[in-house]
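Results of the structural survey
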Amino acid sequence: AQSVTQPDIHITVSEGASLELRCNYSYGATPYLFWYVQSPGQGLQLLLKYFSGDTLVQGIKGFEAEFKRSQSSFNLRKPSVHWSDAAEYFCAVGAIYNQGGKLIFGQGTELSVKP
Amino acid sequence: ETGVTQTPRHLVMGMTNKKSLKCEQHLGHNAMYWYKQSAKKPLELMFVYNFKEQTENNSVPSRFSPECPNSSHLFLHLHTLQPEDSALYLCASSQDKGEGRTDTQYFGPGTRLTVL
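This is a predicted model, so every value here is computed, not measured. Here the residue numbering is sequential within each chain, running from 1 through the sequence in written order. To label them, take the chains in the order written and letter them from A, then take the ligands in the order written and number them from 1. At least 70 in pLDDT is required for a residue's local features to be given in this predicted model, at least 80 for side-chain atom pairs to be given and counted, and no such filter applies to totals for whole chains, interfaces and linings, which use all residues. Calculated side-chain values reflect all of the structure's heavy atoms, with hydrogen atoms and water omitted.

Below, the discussion takes up the overall build of chain A. Labels follow the DSSP assignment, with helices taken as runs of H or I lasting at least four residues and strands as runs of E lasting at least two, numbered in each case from the N terminus. Per the secondary structure count, chain A includes 0 helices and 12 strands. Of the regular secondary structure in chain A, the N- to C-terminal order runs β-β-β-β-β-β-β-β-β-β-β-β. In this setup the radius of gyration rests on C-alpha atoms only. A globule is expected at 2.2 Å times the number of residues raised to 0.38. Here chain A has a C-alpha radius of gyration of 14 Å; the compact-globule value for 115 residues is 13 Å, and the two agree. Along the first, second and third principal axes, the C-alpha atoms of chain A reach 45 × 30 × 20 Å. Accessible area is worked out with a 1.4 Å probe on protein chains only. A residue is then buried under 20% of its type maximum, exposed over 50%, and partly exposed in between. Taken over 115 residues, chain A has a buried fraction of 46%. In what follows, residue pairs with any heavy atoms lying within 4.5 Å of each other are defined as contacts. Within chain A, contacts between residues at least 6 apart in sequence are counted, and of these 55% link residues at least 24 apart. About 5300 Å² of surface is accessible on chain A, with carbon and sulfur atoms providing 48% of the total. Asp and Glu count as negative and Lys and Arg as positive, but His and the ends of the chain are not part of the count. Throughout, a charge is located at the NZ atom of Lys, the CZ atom of Arg, the CG atom of Asp or the CD atom of Glu. Treating the 9 positive side-chain charges of chain A as one cloud and the 9 negative ones as another, the clouds have centres 6 Å apart. Residue exposure ignores everything except the shown protein chains as possible cover, and the areas themselves are Shrake-Rupley values with a 1.4 Å probe.

At the junction of the two partners, chain A supplies 23 residues and chain B supplies 25 residues. In the sections that follow, a salt bridge refers to a side-chain nitrogen of Lys or Arg positioned within 4 Å of a carboxyl oxygen of Asp or Glu. Our count for the contact surface shared by chain A and chain B stands at 0 salt bridges. For the side of chain A that touches chain B, the secondary structure elements donating two or more residues are strand E5 (31-38) and strand E6 (44-50) of chain A. With 4 residues, the top contributor of residues to the side of chain A that touches chain B is E5 of chain A. Each residue belonging to the side of chain A that touches chain B can be placed in one class, and the counts come to 11 nonpolar, 9 polar and 3 charged. By the convention adopted, Pro, Cys, Tyr, Trp, Phe, Met, Ile, Leu, Val and Ala count as nonpolar, Lys, Arg, Asp and Glu as charged, and the other residues, Gly among them, as polar.

A few words on the pattern of salt bridges. Here the idea is simple: oppositely charged side chains can pair when their charged atoms come close. Applying the stated criterion to the full structure yields 6 salt bridges over all chains. The closest approach of N and O atoms between Lys-78 of chain A and Asp-85 of chain A, which form a salt bridge, is 2.8 Å. Exposure remark for Asp-85 of chain A: the relative accessible area of 4% places this residue in the buried category. Between Arg-63 of chain B and Asp-85 of chain B there is a salt bridge, with its nearest N and O atoms 2.7 Å apart. Of this pair, Arg-63 of chain B sits in the loop between strand E6 (53-57) and strand E7 (64-70) while Asp-85 of chain B sits in the loop between strand E8 (73-79) and strand E9 (87-94), and the two are 22 residues apart along the sequence. Residue Asp-85 of chain B is classed as buried on the basis of its relative accessible area, which comes to 3%. Three or more residues are tied together by salt bridges with common partners; here these are Glu-64, Glu-66 and Arg-77 of chain A.

Written out as structure tokens, the structure reads:
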């Protein structure tokens, strides 16, 4: 079965600390992988995506993610968190040769930032 | 206007009302999507349109009726909804590259729907 698991429902980090949000996927085809961020009352904003090539991808707002095929993971990292990063983060997977544009989303990780 | 816009941003309706949600994309894309986001649940894909044709209906109840008059506009017509239909409804668009390949989905801000 195709699925995306974000093991951490809620994470709290101190401002300035490093961050890693975990994402594991189960997918039969070669995957496209995405991280989106959602602020309260807003839609989803694309942070970064992996289609092919370099397995370490850079995104907006200082975020990066690393695709590890052997571990079926696509973890999101940021070296120093800012208070404005508090939001909900979603990992998603789709097929490179897509079945009608389907993305499968994880349940999300809510990030809180302590001053 | 840029990106993907949705109106209204908030909607409160009774179970006997009929209302419509509107989505417009200004990105030149040819695929559009409706998602439902309920509290503490993953996003649920509801409908997919490619080149104005519906290509996916993810077992959505008939009280939700989509309409895609052109590649830039997508509607979700609502009638006789239930309280459990209260959720954030998100629209997205992407570029279908043909041969089954698709590109990144870009999302609108959503419509917060409350059914009384």
